[in-house]
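Observations on chain architecture
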Amino acid sequence: MFDPREKIALFIDGANLHATARSLNFDIDYKRLLEEFKSRGYLLRAYYYTALVEDQEYSSIRPLIDWLDYNGYKVVTKPVREFVDQSGRRKIKGNMDIELVVDAMQIAEQCDHIVLFSGDGDFRPLVEAIQRRGRKVSVVSTLATQPPMIADELRRQADHFIELATLSSRIGRDPAERAARQAERFERQARESVPAAD
């Protein structure tokens, strides 16, 4: 599936990958993910796409975005848009599809193999367009959930489908590491909430 001489580019639909990994009950270790694909060929670039709520004082995704940005990922963000639908409900929209498509089409000439981390069927025409340029496209998602997290038309269009569940042991975060981080966070919060003695 991968040739070690290939130039590879990763395109990660952040919200989609997060939801897919959650549905499989594991967290992605993004350092291990980079290492995994560096071992498969020459990793030219790794893009990560996500929308951000800008007016929040603290966003739970901000530490991840900062870490990715400093550790080998090209992070592409945009603010989410708020709107009111016809029935008067407040909705949030933060679709990053266009940004991902434009970047993938631009880098396709420098790559041999594009790896798309998304199950979104809207990317089928992108996969087809990249294949017409003579490039391979692998799609990473899952069929292991009910319903599957990958659109059938996207899976059929891809040159290769990589089941995310089979990667979990190589790119998943160690559950013990997560427990240790949570314990450390609780300890720090407990220390900060104790009033100082006069």
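Residues numbered from 1 in each chain as written. Predicted model: local features only at pLDDT ≥ 70, side-chain atom pairs only at ≥ 80, totals over all residues. Heavy atoms only, no water.

Quick look at the overall build of the chain
Threshold: Runs of E in the DSSP output that reach at least two residues are strands. Runs of H or I that reach at least four are helices, and both are numbered from the N terminus. Only protein chains enter the area calculation, which uses a 1.4 Å probe; residues under 20% of their type maximum are buried, those over 50% are exposed, and those in between are partly exposed. The contact rule is simple, with two residues in contact once any of their heavy atoms fall within 4.5 Å. In these tables, accessible area is a Shrake-Rupley quantity obtained with a 1.4 Å probe, and a residue counts as shielded only by the protein chains included in the view.
On a plain count of helices and strands, the chain comes out with eight helices and eight strands. A burial count over the chain gives 40% of its 198 residues as buried. Residue pairs in contact within the chain that sit at least 24 positions apart in sequence constitute 68% of those at least 6 positions apart. Carbon together with sulfur atoms contributes 48% to the accessible area of the chain, which is approximately 11,700 Å² in total.

Focus: the environment of threonine 145
Note the threshold: Polar contacts, as used here, are pairs of N or O atoms within 3.5 Å; protein pairs need one atom able to donate a hydrogen and one able to accept it. Residues neighboring in sequence count only if both atoms are side-chain atoms.
Along the chain, threonine 145 turns up in the loop between strand 7 (136-141) and helix 6 (152-157). Judged by its relative accessible area of 10%, threonine 145 falls in the buried class. Taking the C-alpha atoms as reference points, threonine 145 and alanine 165, 20 residues apart in sequence, are found 9.8 Å from one another. Once residues within four sequence positions are removed from consideration, threonine 145 is found in contact with Ser23 and Leu24. Within the structure, threonine 145 has its side chain in polar contact with the backbone oxygen of proline 147 (distance 2.8 Å).

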